Amino acid sequence: MKTRITELLGIRYPIIQGGMQWVALSPLVAAVSNAGGLGVLTALTQPSPEDLRKEIQKTQALTSAPFAVNLTFLPAQNKPPYDEFIDVIIESGIRIVETAGNNPREYMDRLHQGGVKVIHKCTSVRHALSAQKIGVDAVSIDGFECAGHPGEDDVPGLVLIPAAVKVLDIPVVASGGIATGAGMAAALALGAEGVNMGTRFLATMEAPVHDDLKQALVNAKETDTQLVLRSLNNTSRALQSSVTQEVVDMERRAGGCQFEDLRHLVTGQRGKAALQSGNIDDAVIATGQCVGLIDDVPTCQELIDRMVRDCRAAFARGTGLFLS
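Everything quoted here is computed from the prediction, not taken from an experiment. (Residues numbered from 1 in each chain as written. Predicted model: local features only at pLDDT ≥ 70, side-chain atom pairs only at ≥ 80, totals over all residues. Heavy atoms only, no water.)

1. Here we look at the overall build of the protein
Then step 1. Helix and strand counts for the protein come out as 14 helices and 10 strands.
Then step 2. Whereas a compact globule of 324 residues would reach a radius of gyration of roughly 20 Å, the protein reaches 19 Å, a difference of no more than 12%.
Then step 3. With 324 residues in all, the protein has 52% of them scored as buried.
Then step 4. Taking all contacts inside the protein whose residues are at least 6 apart in sequence as the whole, residues at least 24 apart take part in 61%.
Then step 5. Carbon and sulfur atoms form 51% of the exposed surface of the protein, whose accessible area is close to 14200 Å².
Then step 6. A distance of 4 Å separates the average location of the 29 positive side-chain charges in the protein from that of its 36 negative side-chain charges. (Helix = DSSP H or I, 4+ residues; strand = E, 2+ residues; numbered from the N terminus. Rg over C-alpha atoms; globule rule 2.2 N^0.38 Å. Buried < 20%, exposed > 50% of the residue type's maximum accessible area, 1.4 Å probe, protein only. Contact = heavy atoms within 4.5 Å. Areas by Shrake-Rupley, 256 points an atom, 1.4 Å probe, with all protein chains shown as cover. Lys, Arg positive; Asp, Glu negative; His and termini not counted. Charge placed at Lys NZ, Arg CZ, Asp CG, Glu CD.)

Structure, rendered in structure tokens:
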């Protein structure tokens, strides 16, 4: 397949693995890249820049194909050492970075001077336009269906993707709600030039999470996710569980609640532990609505091969609908 995304990133297929916290480690990343997609390591999963260097080296030992590093810029009093992470990325020869969270403006010159292509993840057209203005090379546009943070506008991909494509000059990657080749074909038909998948790659053989969690994703329906932290304007979509219900119940109580009231329920360390234990009722586990489309736990190679095959079949099926 050939799009501006495959050309920009040097990959065979326009399929990008989401930079999932605690999950996007070398075994999964290398497997995605070896299968022709783009694997993405998550920098903030690593305790320090030097640990990121080691994880990059592990990945490079497993694949000679391109892979990226995700840098999520968080609002924090004690922010992570982003400059040092960027030093490691450039020194390690990484040429693709996915940015997310806050605007990456202050880091753009350094990344580009280091020969790095930047894909910025956005949840709205206005943010995508701002990202284009500061010089990112592509945007990944997250629809309301996505896992994790969908923003506060609640616009699904069927509207958000073509709305972004209409006003942007740089390539658009569709993210949120995509788990099949037919979904990929739909995104491309809407004007996207690639797709980004997190939840679907979570349910693969190489994903470093407990098998019970993978089976929970297979068993889940499209209605089995829940939005939390809505009252704090920090909406997140997660697999429905006793913990997500407790969060929602606290948000709905008279007088509302503050983040400090919920911190013990939504902490990242609690999520990390649940990924390893497989107990979905122990934490908030980011999951997209596409979980209802997941029926098995394939290898990354099997998944990507099937997606490409089914994408082509979907386009052929659509063409067959037109009368000559």
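2. Side note on the packing of aromatic side chains
Then step 1. For the structure shown, the criterion picks out three aromatic pairs.
Then step 2. Between Phe-73 and Tyr-107, the ring centres sit 4.7 Å apart and the planes meet at 5°, which makes this aromatic pair stacked. Pair noted here: Phe-73 is in strand S3 (residues 67-73) and Tyr-107 is in helix H5 (residues 105-113), with a separation of 34 residues, a long-range link.
Then step 3. Every member of this aromatic cluster is reached through a ring pair, and the members are Phe-73, Tyr-82 and Tyr-107.
Then step 4. Taking the ring centre of Phe-144 as reference, the NZ or CZ of Arg-237 above it sits at 4.9 Å. (Phe/Tyr/Trp six-rings, centres within 6.5 Å; stacked < 30°, edge-to-face > 60°. Lys NZ or Arg CZ within 6 Å of the ring centre and 35° of its normal.)

3. Looking at helix H4 (residues 82-91)
Then step 1. Of the residues making up H4, those classed as buried are Tyr-82, Phe-85, Ile-86, Val-88 and Ile-89. Along the axis of H4, the buried residues cluster in a sector spanning 160°; they form a single face.
Then step 2. Here the buried face of H4 lies against helix H3 (49-62), S3, strand S4 (96-101) and H5.
Then step 3. Gly-93 sits one or two residues past H4 and shows a positive phi near 85°. (Arc of directions from axis to C-beta.)

4. Focus: the nonpolar core
Soluble globular proteins: nonpolar side chains tend toward being buried together.
Then step 1. Grouped together as the largest cluster of nonpolar side chains are 77 residues, with contacts concentrated most on Ile-15, Leu-71, Val-139 and Phe-201.
Then step 2. In terms of residues, this core owes the most to one element, helix H14 (residues 300-319), which gives seven residues.
Then step 3. Other than its neighbours up to four places away in sequence, Phe-201 contacts Ile-15, Ile-16, Gln-17, Met-20, Leu-28, Val-32, Ala-207, Cys-300, Leu-303 and Ile-304. (Core = buried A, V, L, I, M, F, W, Y, C linked by side-chain atoms within 4.5 Å.)

5. Some words on the pairing of strand S2 (residues 39-42)
Then step 1. On S2, burial covers both faces: Gly-39 and Leu-41 on one face and Val-40 and Thr-42 on the other are all buried.
Then step 2. Relative to S3, S2 runs parallel, the two being bridged by four bridges. By the bridge assignment, Val-40 is partnered in S3 with Ala-68.
Then step 3. Taking the sense of rotation as the criterion, the β-α-β connection linking S2, H3 and S3 turns out right-handed. (Pairing = 2+ DSSP bridges. Right-handed = clockwise from strand over helix to strand, strands pointing away.)

6. Focus: the side chain of Thr-45
Then step 1. One can find Thr-45 in the loop between S2 and H3.
Then step 2. Among all residues touching Thr-45, those that are not within four sequence positions of it are Met-20, Gln-21, Trp-22 and Leu-25.

7. A word on the sheet that holds strand S1 (residues 15-17)
Then step 1. Ordered in space as S1-S8-S7-S6-S5-S4-S3-S2, the eight strands form an open sheet in which the pairing is parallel. Of all the strands in the sheet, the pair left with one neighbour each is S1 and S2. Across the sheet, the mean angle separating the axes of adjacent strands is 30° when strand polarity is ignored. (Axes fitted to C-alpha atoms, helices over the stretch in contact; angles between N-to-C directions.)

8. Looking at the layout of surface pockets
Over the atoms rolls a probe the size of a water molecule, and its path tells where empty space is left.
Then step 1. Empty space within the second largest pocket amounts to approximately 210 Å³.
Then step 2. Every residue lining the second largest pocket is counted, 14 residues in all, and those nearest its centre are Glu-145, Leu-158, Gly-176, Gly-177 and Ile-178.
Then step 3. Elements with a minimum of two residues in the lining of the second largest pocket: helix H7 (157-167) and helix H8 (181-189).
Then step 4. Considering only residue class, the lining of the second largest pocket consists of eight nonpolar, five polar and one charged. (1 Å grid on protein atoms, 1.4 Å probe; cavity = no way out; pocket = protein on both sides within 12 Å on 5 of 7 lines; lining within 4 Å. Points joined across faces, edges and corners; volume = space filled by probe spheres on them. Nonpolar A, V, L, I, M, F, W, Y, C, P; charged D, E, K, R; others polar.)

9. Some details on H5
Then step 1. Considered for burial, the residues of H5 that qualify are Tyr-107, Met-108 and Leu-111. End-on view of H5: buried residues confined to an arc of 120°, all on one side of the axis. Exposed and oriented more than 90 degrees from the buried face of H5 are Glu-106, Asp-109 and Gln-113.
Then step 2. Check the buried side of H5 and you find it contacts S3, H4, S4, strand S5 (117-122) and helix H6 (125-134).
Then step 3. Gly-115 sits one or two positions beyond H5 and adopts a positive phi of about 80°.

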